[in-house]
Each structure stands twice: as structure tokens, then as C-alpha cells.
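Spelled out, the chains give:
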Amino acid sequence: MTNRLADTKSLYLRKHTENPIDWWPWCDEALETARAQNKPIFLSIGYSSCHWCTVMEGEAFSDLAIAQYMNANFLPIKVDREERPDLDSIYMQSLQMMTGQGGWPLNAFLSPDDLVPFYAGTYFPVDPRYGRPGFLQVLQALRNYYDTEKEELRQRKALILEALLTSAVLQNDGSQEVADQELLQRGWEVCTGIISPKQVGNSFPMIPYGELVLRGSRFNDQSRYDGLQVSTQRGLDLALGGIYDHVAGGFHRYTVDPTWTVPHFEKMLYDNGQIVEYLADLWSAGIEEPAFKRAVAGTVKWLQREMTALSGYFYAAQDADSFTNPIDTEPEEGAFYVWSYQELQQLLTTEELTELEQQFTVSVNGNFEGKNVLQRLHPGELSETLEVALSKLFTVRYGATPDALATFPPARDNQEAKITNWPGRIPAVTDTKMIVAWNSLMISGLARAGEVFQEPSYLELAIKAAKFILDHQFVDGHFHRLNYEGEATVLAQSEDYALFIKALLDLQQADLENADWLEKAIALQDEFNDFLWSVELGGYFNTSSDNSQDLIIRERSFADNATPSANGVAIANLVRLSLLTDNLHYLDLAESGLKAFKGVMNESPQGCASLFTALDWYRNCTLIRSTTEQIKSLMPKYLPTTAFSVVSDLPDGSVGLVCQGLKCLPAPGSLEELLLQVQRSQNRG
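Only a predicted model underlies this, so the values are computations on that prediction, with no experimental measurement involved.

Analysis parameters
Residues numbered from 1 in each chain as written. Predicted model: local features only at pLDDT ≥ 70, side-chain atom pairs only at ≥ 80, totals over all residues. Heavy atoms only, no water. Helix = DSSP H or I, 4+ residues; strand = E, 2+ residues; numbered from the N terminus. Contact = heavy atoms within 4.5 Å. Pairing = 2+ DSSP bridges. Axes fitted to C-alpha atoms, helices over the stretch in contact; angles between N-to-C directions. UniProt positions renumbered as here; feature names shortened; annotations may be inferred. Domains from an automatic or database assignment. Buried area = accessible area lost by both parts, 1.4 Å probe. Salt bridge = Lys/Arg side-chain N within 4 Å of Asp/Glu carboxyl O. Buried < 20%, exposed > 50% of the residue type's maximum accessible area, 1.4 Å probe, protein only. Disulfide = S-S within 2.5 Å. Parallel < 35°, antiparallel > 145°, perpendicular 65-115°, else oblique. Left-handed = near helix turned anticlockwise from the far one by under 90°. Nonpolar A, V, L, I, M, F, W, Y, C, P; charged D, E, K, R; others polar. Core = buried A, V, L, I, M, F, W, Y, C linked by side-chain atoms within 4.5 Å. Expected span 1.5 Å × (residues − 1). Polar contact = N/O pair within 3.5 Å; in protein donor to acceptor, adjacent residues only side chain to side chain.

A. The arrangement of the environment of Val 436 in detail. Looking at where Val 436 falls in the secondary structure, it is placed in helix α17 (residues 436-453). Each C-alpha atom, one on Val 436 and one on Leu 499, is 8.1 Å from the other, the two residues being 63 residues apart in sequence. The residues contacting Val 436, other than those within four sequence positions of it, are Ile 469, Gln 473, Phe 479, His 480, Arg 481, Asp 496 and Phe 500.

Below, the structure is given as C-alpha cells:
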């Protein structure tokens, strides 16, 4: 028998439809019911490709004894964090306050009257293990605490709410006096240290940090870090590591080790979009490593083959887990991607296997549960022999050669994955919803890669996705975040506005003949300002005032996570718009936004790389006015704080104009002189 989640559109929520727990989606009726029955709310937040979310669904949430107690004593609510990042952000911050760490599944216990959390955790096992209590014990203890310790409960909630409100206001403590250039230098140093090679722990892409380090390398000659070397090493770790799928393209979410070898196997659209843009930027900065170009090309092929809807938008994610055969009850992590040594012996010639062992991490015992994750040992071009060998592995995985397989249909849920007669291995489930923010990251990546590698097909793919968003995501005059098979839903949040405006500006720079991209960006920026700009505090709220009634605070996100912060991207957009339109109101807003976050940039530079990128734009913004042909010759170069504008009436004998804010430099007579002006302009801070 299914529960209420059967009627939802979210793949993550529908994965819980057959749980014995009487789940509610987050809605007014659920909150009112909890208040009327005086039941504490059990709020569980996750996402479809989350491995430990899947584990808890199959264990604790499928346990009858736990379900009976839960249903009688709590009001259980399930939330897809990809649908409601605003809710996830608030309760993740609460979890981190309580435990010092975060993660998913995010499980929080809230008072029904005010929705303030009083306890939170991540994965809870059915029985006590991993140093954690059994979930039924947790439920019983917390219900008893809620019923009997009213005063302590009130005090505990008051402390949590006060901390949340304080963090939302972002009060400064005099740090406004720090000079911008000193602040930018400090932020660059801290963020460079964060992505420098380390010896322990997981390895995440952390592209906002890599991007800041790369752009800052142009003015950090006196630093103890070599920014270009550090950012290049991050690119090599990504393009050579096991985090990249060397057989079929696309990047996994992170690796569980510091050596970039064994990934957590889900593939997220947001990572891939950012990495494509980053590798293209490295190439444009002069680091023309063949592995970068191969990884970008392979990722675009994966995107076209497995992650693009017929109407042009991109799917959200692919699971880490997949079935090895249709009769399995539970999927296995990484099953679609790894290879036993015996398989490799059977599939490859002796020459191919020998070369594979020389160039990749391949061994009899493997590096992941007795099997092999492929990680490259050396940069450079792959030989024809190795490309043939990898093509054979692709054919086994997908049941067709790479050249013969233009599209590969998604498995939309576990049942579909098991009953479909796949020609190769059973694939991981794909979450086919469209998320504006994540599509925007990929659009930006494709636009930049198309410029740098001179691949028009990349730009065409980006344009088709952008047109889908423009045609389908505006309902009754409001921008919407999600699309489920043609139906727009959930009002857009700040990251959707900021990242899509950036994508439109990136398209405008890559497609200079089309004036529509800039017009659309200006119109969307106006809506963004109207609904989410904080007049009193500066910066952008995560959600509009008319869409925040169920939130205990209104946040203005400034911290980078797996994606760049909305305010960091938004402020950089404002600077770019001021350059392209000569409208100084945008620059005033950018200045106000930077002032709003200057305190946190000084106090916690390790958390907000994107704000330092915005500060770099503000300090060093440069506009090149020239002809279309001249601009096209400049676009593949790495000019991180530069925008381009097409003009036809240049001074006689000039190749263009280089402008800094409110002034233009003397008209250069040669491309060499123009580039020298640009380099100086980008370092004037």
C-alpha cells in the first residue's frame, strides 16, 4: 500500500511511497495537522542519487516497528532538497550547529508550533552500530524529551533560533575597514590553501575555489603559493582521476580518498557543468593538457547521450547504485562502472591489457571491493590502443559501440531499471527533472568550452537548453525553478536567478550576433531585484517574501557548497551588466552587495570563494569594445574580468577600445597593444 508521496512528482519522494511510514510532503496541511495533534515533526531531507538516503530508505524507513512508533508519535515529512534548497539550507545549518558536521540524509526534529529544530542527525541505523544508537531508541528518547522536558526544550530552541537569526543578519564587527585589495589577497591565499593537495580525507571538485585560484594567479607573484600550479593540479586530479568516467564520460560527485581514485559514483549535473567550464578556462590560460580536452569532449558526449531530454533541457543526476541483475532486491554502489580483472582479461587483447595496466590503476585485486576503478597514471594523449580498449569496455557496459550509440534512454526508477531488457549492464537510475540552476551551470560550461575549443556543437547544445528555460519556466509572470516533463513548478530561488542570468550573459558573449541574450538577462535581473533584493541589508534573499511563509528565517546565501553561492554569482553578474549596458545602477547594487558581505568575507574567507570572485570583478572589471571578428579572436584567451561589446565606429587606425568602469584608455593601434592594456587593466587593483 502506498502513502501520500505516491502523488508527488519528485523521484526522491516517490522512492519512499511504499514505506510503512505515513509520510507527508512539506505542505500547509501537514504543518497544520502536526500543530492540531501536538506531534513533533520528523523532517527528513535528501535527494534521489544520495547513497545513504537510499540505505536508510531500505532499512529504518522500511522497518514496521519503527513505522508504527513514528506514525503514532510524530508527523513525518519528506523533502527533496533539490526542490527546496531554502528549507535544506536552514535545517542543514541547524544540524551543523548541533553536531559540528552536516550531510544527507538530513533528519531533524521540529516543534510543530514554530518549526524550530531541537535535535538533528544524518544516517540512523535500525540497530545500534557505527557508534550510533538504533533509530527506534532515538525516536523514543526524543518523544519522551518533547513531552517531559518543556523548559529545557524551550531554552534549547531559543538558543538555536537566536543563532540562526544572528547568522541571517550577518552583522559586521568593524571589518568594513579592511581594504578591498588586502581582502582579495587574503581570500585568494586562504582558498588556494584549501585546494592545495592534501594527504587525508575525501576529495571534492570545489570548482568555485579552483576558479578563484586560477583567476587570482595573475596578481599573486609574491604569494607563498603558485596559483597556476595549484589550479592546474586540480584540473589534472579531475581529468586523470577515478572521479572521471574514462570509459563513457562525465564526472562523479567526489572520491572517498585524497588520491582522487575511488569515487562516490553518482553523477550530478551541477558538478559536470562547473568542471567543463573550469577545464576550458585552464586550457585558455595556456595549460593545453590533452587530458582536459578529452575529458570535456567525453563529458559533452555523455550529456548528449544520457542526460538531454528531447526538448533540450538537461536531467539532474544519475544514482551511485545500480543492479547487477534483475532479480536483485537492492542495487550495488558503483556496479555500472567498475571492472574485475577477470573481465578485463576476457575483453581485451594481451597488448591492450598490458598498456591499460601501464597507464591506469588496474590490478588483480582491484582498488574497490575487489574490482577496478580506472584512474589514469599519466597526463598526455591516450594511444590508439588504449582508446580501442576503452571502446570495448563501453560496448560491454552499454551494449553498443560509442559511435553507434547516439542516445541511451534513462531508467527513471528502480522498477524500470530492473524490467527493461538492457543490451549491456543495468544502468543507474536517472533523475529526469529539470533544475534551472543546474542547467544554467551546464549552459555556462558549454558556452565557454565552445569558445575555447572552437566547437560550435557545444554552443548549440547550450542554446537549446536556454531556450527551453525561456519558453517554459515563466508562469503568470514569475520565474520557476523545476520542470517535470513539461510542467513548470516551484518558484525560482536566488540560485536559479543568479546562475541563469550568468548563463544568459555567457551565451551573449559566445553568440555576439544575438542581442536577445542580453535583453533576456536584463529583464530577469529586474525580476530578481524586485522580488529578492534586500533593501535594508543588501544582497539577495534565497526566496521571495511571498514564498517564505513556511521558513523560520530568510537567509541570504553567501557560502559556496557544491555549487557557487547565489550572492557571489549575482554580484559578479551586476558588474558584468554595468559594463555591457553602461547602467551604473547595477554597479551601485554590486557595491551594496559586497558591503553587506564584507564582514563575513573577512571573518570566514574559507567559505565564500565566489564572493571573492565577485570582488575581483568589481575591482578589475574591463570592457573591450571592438569588431565581431576581433572579439572572436580574443574570446579563447583567459581574460577573467573582461566583457566584450561589439562596435562598428572605432577611432581611425584602432583595433578596439579598452574601458575601465567610467573611462576608456587611449585607442590601441595593434592587437598586441590592446592585450597589454587589458592585462594591465585586469591587474589595476
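Okay, back to it.
B. Just the sheet that holds strand β20 (residues 663-664), in detail. If you trace the four strands from one edge of the open sheet to the other, you get β18-β17-β19-β20, paired in mixed fashion. The sheet terminates laterally at β18 (642-646) and β20, the two strands that pair on one side only. Across the face of the sheet, helix α25 (residues 671-681) comes into contact with β17 (622-626), β18 and β19 (657-660) while running at roughly 10° to β19.

C. Quick look at the UniProt feature "domain: Spermatogenesis-associated protein 20-like TRX" (unreviewed entry) in the protein chain. Residues annotated in UniProt with the feature "domain: Spermatogenesis-associated protein 20-like TRX" (unreviewed entry) correspond here to residues 2-164. The span residues 2-164 is 47% helical and 15% strand by assignment, and the distance between its end C-alpha atoms comes to 36 Å.

D. View of the domain arrangement of the protein chain. Considered domain by domain, the protein chain is made up of domain 1 (4-169), domain 2 (180-307 + 317-431), domain 3 (455-616) and domain 4 (621-684). For domain 1 and domain 3, the distance between their C-alpha centroids amounts to 30 Å. On the domain 3 side, the residues contacting the 22 residues of domain 1 number 17 residues. A buried area of about 1700 Å², summed over both sides, lies between domain 1 and domain 3, and 57% of it is on carbon and sulfur atoms. For the domain 1 face of the interface with domain 3, the top three residues by lost area are Lys 9, Asp 86 and Ile 90, together amounting to 31%. Connecting domain 1 to domain 3 are two salt bridges.

E. Representation of the pattern of salt bridges. What the rule picks out here adds up to 35 salt bridges. Between Glu 487 and Lys 9 there is a salt bridge whose closest N-O contact spans 3.1 Å. One end of the pair, Glu 487, is in strand β16 (residues 487-491); the other, Lys 9, is in the segment before α1 (11-14), and 478 residues separate them in sequence. The exposure class assigned to Lys 9 is partly exposed, which follows from its relative accessible area of 38%.

F. Inspection of the state of the cysteines at higher detail. Inspection of the entire model under this criterion finds two disulfides. Between the sulfur of Cys 50 and that of Cys 53 lies a disulfide, 2.4 Å long from S to S. Handedness here is read from the sign of the S-S torsion; for Cys 50 and Cys 53, about 80°, the answer is right-handed. Cys 659 shares a disulfide with Cys 664; S-S distance 2.0 Å. Measuring the twist about the S-S bond at about 85°, one finds the Cys 659-Cys 664 disulfide to be right-handed. A relative accessible area of 3% places Cys 659 in the buried class. If you count the bonded cysteines of the protein chain from the N-terminus, they pair up as 1-2, 3-4. The thiol of Cys 191 is unpaired, and the distance to the nearest cysteine sulfur, on Cys 608, comes to 7.0 Å. Note on Cys 621: no disulfide assigned, nearest cysteine sulfur contributed by Cys 659 at a separation of 11 Å.

G. Just the packing of α17 against helix α18 (residues 456-472), in detail. It is the contact of α17 with α18, at a shortest axis distance of 8 Å, that shows an interaxial angle of 150°. Judged on the interaxial angle alone, α18 and α17 are roughly antiparallel. With respect to the hand of their crossing, α17 and α18 are arranged in left-handed fashion. Contact with α17, carried on its side by Val 436, Asn 439, Ile 443, Leu 446, Ala 447, Ala 449 and Gly 450, involves Tyr 458, Leu 459, Leu 461, Ala 462, Ala 465, Ala 466 and Ile 469 of α18 and no other residues of that element. Grouping the amino acids of the contact of α17 with α18 by side-chain chemistry returns twelve nonpolar, two polar and no charged.

H. The arrangement of the nonpolar core in detail. By size, the foremost hydrophobic cluster in this structure holds 153 residues, and its most contacted members are Phe 135, Ile 443 and Phe 500. In terms of residue count, the dominant contributor to this core is α17 (eleven residues). Once you skip the residues sitting within four places of it in the chain, Phe 135 turns out to touch Phe 42, Met 56, Ala 60, Phe 61, Ile 66, Met 70, Phe 109, Phe 124, Pro 125 and Val 126. Counting residues in each nonpolar core, the second largest holds 36 residues, with Phe 336, Tyr 337, Trp 339 and Ala 389 among its members.

I. Layout of the side chain of Arg 576. Relative to the elements of secondary structure, Arg 576 occurs in helix α21 (residues 566-581). For Arg 576, a relative accessible area of 9% puts it in the buried group. The contacts of Arg 576, once residues within four sequence positions are left out, are Lys 502, Leu 505, Asp 506, Gln 509 and Trp 617.

J. Representation of the sheet that holds strand β9 (residues 317-318) in the model. Pairing in this open sheet of three strands is antiparallel, and the strands run β8-β9-β12 from one edge to the other. Each end of this open sheet is capped by a strand with a single partner; those strands are β8 (267-268) and β12 (430-431).

K. Spatial organisation of the pairing of β16. Looking at chain direction, strand β15 (residues 478-484) and β16 are connected through four bridges and run antiparallel. Following the sheet pairing, Leu 482 is matched in β16 by Thr 489.

L. Fine view of the environment of Gly 661. Within the element layout of this structure, Gly 661 appears in the loop between β19 and β20. Its relative accessible area of 43% is what places Gly 661 among the partly exposed residues. When the C-alpha positions of Gly 661 and Asp 582 are compared, they lie 8.7 Å apart, and in sequence the two are 79 residues distant. The residues contacting Gly 661, other than those within four sequence positions of it, are Cys 621 and Arg 684.

M. Representation of helix α10 (residues 227-240) within the structure. Taking 1.5 Å of rise per residue, 14 residues should cover 20 Å, and α10 covers 20 Å from first to last C-alpha, within 8% of that figure. Among the 14 residues of α10, eleven are classified as buried, and the element is accordingly described as predominantly covered. Among the residues making up α10, those that are buried are Gly 227, Val 230, Ser 231, Thr 232, Arg 234, Gly 235, Leu 236, Asp 237, Leu 238, Ala 239 and Leu 240. On its buried face, α10 sits against α8 (180-195), α9 (207-216), α11 (269-284) and α12 (290-306). The backbone nitrogen of Leu 228 lies 3.2 Å from a side-chain oxygen of the residue at the head of α10, namely Asp 226.

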